[in-house]
Amino acid sequence: MIFMDVKLSAFDKEYLDTIEGQDKIVFVESGTYYNILCDGKNAGVVGYVPAKFPDNAGFVQIVIDLHYRGKGIVAIAEGLISKKHNLKILYATINKSNVASLKAHTKSGFKTIDENKLIELREKKFLKEDEIRLEKKIV
Ligand SMILES: CC(C)(COP(=O)(O)OP(=O)(O)OC[C@H]1O[C@@H](n2cnc3c(N)ncnc32)[C@H](O)[C@@H]1OP(=O)(O)O)[C@@H](O)C(=O)NCCC(=O)NCCS
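Residues numbered from 1 in each chain as written. Predicted model: local features only at pLDDT ≥ 70, side-chain atom pairs only at ≥ 80, totals over all residues.

Enquirer: If you had to explain the environment of Asp114 to someone new, which residues and values would you point to?
Expert: With respect to the element layout, Asp114 can be found in the loop between strand E6 (111-112) and helix H4 (115-123). Look at Asp114 and you get exposed, because 11 C-beta atoms sit within 10 Å. Along the backbone, Asp114 and Ile132 are 18 residues apart, and their C-alpha atoms lie at a distance of 11 Å. (Helix = DSSP H or I, 4+ residues; strand = E, 2+ residues; numbered from the N terminus. Buried ≥ 20, exposed ≤ 12 C-beta atoms within 10 Å, placed from the backbone.)

And the structure:
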């Protein structure tokens, strides 16, 4: 792979709004977001919303600029944000039809949570029928 310098920098909501596919994430005011810089240029946005339980767990959200997709930046950017905020567990809620996101997160070590837990979350309406919850424990 060609070396890429990937960094997090100050979040710019106006930039997020320009990225194709940004409607696939639910931007929340209580979230912490960053622009992703790849070799000094804007390449996407990554953020997280803290989970109520356990401590040091967060729901990640990510959008990669069209021109920078397919380069593995998802794993790098989510690694950077978890390090910066000392996150030990990352959760991702992904629509079942979002193959790119499912693939990117699986490749970076996320695993679908237990089937019974999925059923429970759906019953409690924390998860829609067409969504899957994945998690990654950072060691
Ligand atoms: C999801 C997203 C962040 C993935 O970014 P990315 O830079 O392409 O991610 P990665 O490079 O790590 O991996 C993507 C993988 O999915 C594959 N992929 C991409 N689109 C695909 C598709 N339509 N069907 C099948 N596979 C696909 C890629 O080939 C790649 O797999 P590979 O490395 O085995 O070739 C990006 O597509 C995006 O920003 N989408 C819009 C926003 C979004 O959906 N965010 C996630 C919400 S849960």
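Enquirer: Outline the site of the ligand, listing residues and values.
Expert: The local shell around the ligand holds 22 residues, among which Gly21, Arg69, Ala100, Lys103 and Ala104 are the closest. Per-element accounting of the shell around the ligand gives the leading share, 6 residues, to helix H3 (residues 99-107). Its residues assigned to classes, the shell around the ligand comprises 12 nonpolar, 5 polar and 5 charged. (Near = placed C-beta within 6 Å. Nonpolar A, V, L, I, M, F, W, Y, C, P; charged D, E, K, R; others polar.)

Enquirer: For the sheet that holds strand E3 (residues 41-50), give the residues involved together with the corresponding values.
Expert: Spatial strand order, E1-E2-E3-E4-E5-E7-E6: 7 strands in an open sheet with mixed pairing. Each edge of the open sheet carries a strand with a single partner, namely strand E1 (6-9) and E6. Bridging between E1 and strand E2 (residues 32-38) involves 4 bridges; their strand directions are antiparallel. Paired with Ser9 across the two strands is Asn35, which belongs to E2. (Pairing = 2+ DSSP bridges.)

Enquirer: A description of the pairing of strand E5 (residues 89-95) should follow, citing residues and the corresponding values.
Expert: Of the two faces of E5, the one lined by Leu90, Ala92 and Ile94 is fully buried and the one lined by Ile89, Tyr91, Thr93 and Asn95 carries no buried residue. Bridging between strand E4 (residues 57-64) and E5 involves 3 bridges; their strand directions are parallel. When the bridges of E5 are listed, Gly58 appears paired with Leu90. Between the parallel pair E4 and E5, the chain is carried across by helix H2 (residues 73-84), and the sense of this crossover is right-handed. Across 7 bridges, E5 lies against strand E7 (residues 131-137) in antiparallel orientation. Of the residues in E7, the one forming a bridge with Thr93 is Arg133. (Right-handed = clockwise from strand over helix to strand, strands pointing away.)

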